[in-house]
Amino acid sequence: MARLIVHQERIPDHQELINICPFGALEEQDGKVVVNAACKMCRLCVKKGPEGAVEYVEDVKKPEINKDEWKGVAVYADHVDGTIHPVTFELIGKAKEMAAVTGQEVYVLFMGNEIRDKSEEILHYGADKVFVYDKEELARFKIEPYTAVFEDFIKKVKPSSILVGATTVGRQLAPRVAARMKTGLTADCTILEMNENSDLSQIRPAFGGNIMAHIKTPNHRPQIATVRYKIMNAPARAESKSGVIVDCDMDEEMLSSHVDVIDILPKAKETFIENSDVLVVAGRGVKKEEDINMLRELADLLGGQVACTRPMAESGWMDAKYQIGLSGRTVRPKLIITCGVSGAIQFVAGMNHSDTIFAINNDPKAPIFKSAHYCLVGDFYDILPKLITKIKEKEGV
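These numbers come from a predicted model, not from an experiment. (Residues numbered from 1 in each chain as written. Predicted model: local features only at pLDDT ≥ 70, side-chain atom pairs only at ≥ 80, totals over all residues. Heavy atoms only, no water.)

Before going further, it helps to examine the sheet that holds strand β21 (residues 374-377). In space, the five strands of this open sheet follow the order β18-β17-β19-β20-β21, with parallel pairing throughout. Edge positions in the sheet fall to β18 (305-308) and β21, since each has one partner strand and no second. Neighbour-to-neighbour, the strand axes of the sheet open up by a mean angle of 20°, direction not taken into account. Both strand β20 (residues 356-361) and β21 contribute to a ladder of four bridges, which runs parallel. Residue pairing in the sheet places Asn-361 in a bridge with Val-377 of β21. On the sheet, helix α10 (residues 380-395) packs against β19 (335-339), β20 and β21 and is oriented at approximately 130° with respect to β20. (Pairing = 2+ DSSP bridges. Helix = DSSP H or I, 4+ residues; strand = E, 2+ residues; numbered from the N terminus. Axes fitted to C-alpha atoms, helices over the stretch in contact; angles between N-to-C directions. Contact = heavy atoms within 4.5 Å.)

Pasting the structure below:
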């Protein structure tokens, strides 16, 4: 809690100090200058008033926590009917790196129905313990019982840090769990670093990617972070299994929900740009919507997909699901070819882990060239037709 302390003996002129506040929060009572309820804590009186006349004091009562009671790094296993989302394996790989710093274990929380046999797959990726909650009430994702299971797991195991994939389920579950445990949550982390004292440094882009926010939760446990798919590296699948499976039980009354799943309608299968090895990206340099067909032709020849930057999605020329960047998808293809993309930091943050970045732009000072492995200065309207012709000749098309 913050407050202002007025030192009366340091005020040579009461009215001069009172006039500084634009909100009328300073007034004179019984010959003294006092702060009333109109104060906005703008601290103008501290900065512009007589030196030392007004002092800003922040009373921070840090909660007492025994960090020795909280050990290990936990990963939430995101899945659909037992089919584990690959972001889970990426997070296990990162958890192993983090746990190695403190010499602690890696845990995986796996909840659902009839998933006991599916949990064996997780043991091929190096988790020390897989905690399985196999209950009929957990057959479909419902926020109330899933949160209750997460809370039960945390209270029994007490992991120091928890990693959750920034999936549709993870984005709903993580904040609810953080609120339940009265702890912090950092969303969409791009860098995670573990300190020897088990404090987790959580780094993510902020203010549209213009700065990198460095966030810590030193006085609360557990520390919770969400991470997008394709940000971390998944460990190689080992032939042999390691670690153990722990079957967990809890009071079934805690699994009740105010939501009933009436029916599930299958969604038509689609190819996501996150899973494509080759991407051809349309940027602001594309002059007409029909010109995207030229990029699509190149992508088809290379066995890839067309993606886009935010302006293309906002113009309605391409669907938002094909957008790359902080406000779109994070991709990690083997080859990405950008056409007329300037290279704003918000876009680059979503693709800078690509194996090979090939950039085409007619501006030699375009920011995209700082991130690209191969830079071609020129108009892609001249370059792409020639490239397409060369590929067709080589393929005999």
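Another aspect to go through is the pattern of salt bridges. The full count for this structure, using the stated rule, is 20 salt bridges. Between Lys-135 and Glu-252 there is a salt bridge, with the nearest N and O atoms lying 4.0 Å from each other. Taken together, the residues span a long stretch of sequence, with Lys-135 in the loop between β9 (129-134) and α4 (143-157) and Glu-252 in the loop between β16 (244-247) and β17 (278-282) at a distance of 117 residues. Under the relative-accessibility criterion, Glu-252 is labelled partly exposed at 48%. With a shortest N-O distance of 3.1 Å, Glu-274 and Arg-329 are connected by a salt bridge. Residue Glu-274 is located in the loop between β16 and β17, and its partner Arg-329 is located in the loop between α7 (310-314) and β19; the two are separated by 55 residues in the primary sequence. For Glu-274, a relative accessible area of 13% corresponds to the buried category. For Arg-329, a relative accessible area of 22% puts it in the partly exposed group. The network of salt bridges with shared partners includes Arg-116, Glu-120, Lys-241 and Asp-247. (Salt bridge = Lys/Arg side-chain N within 4 Å of Asp/Glu carboxyl O. Buried < 20%, exposed > 50% of the residue type's maximum accessible area, 1.4 Å probe, protein only.)

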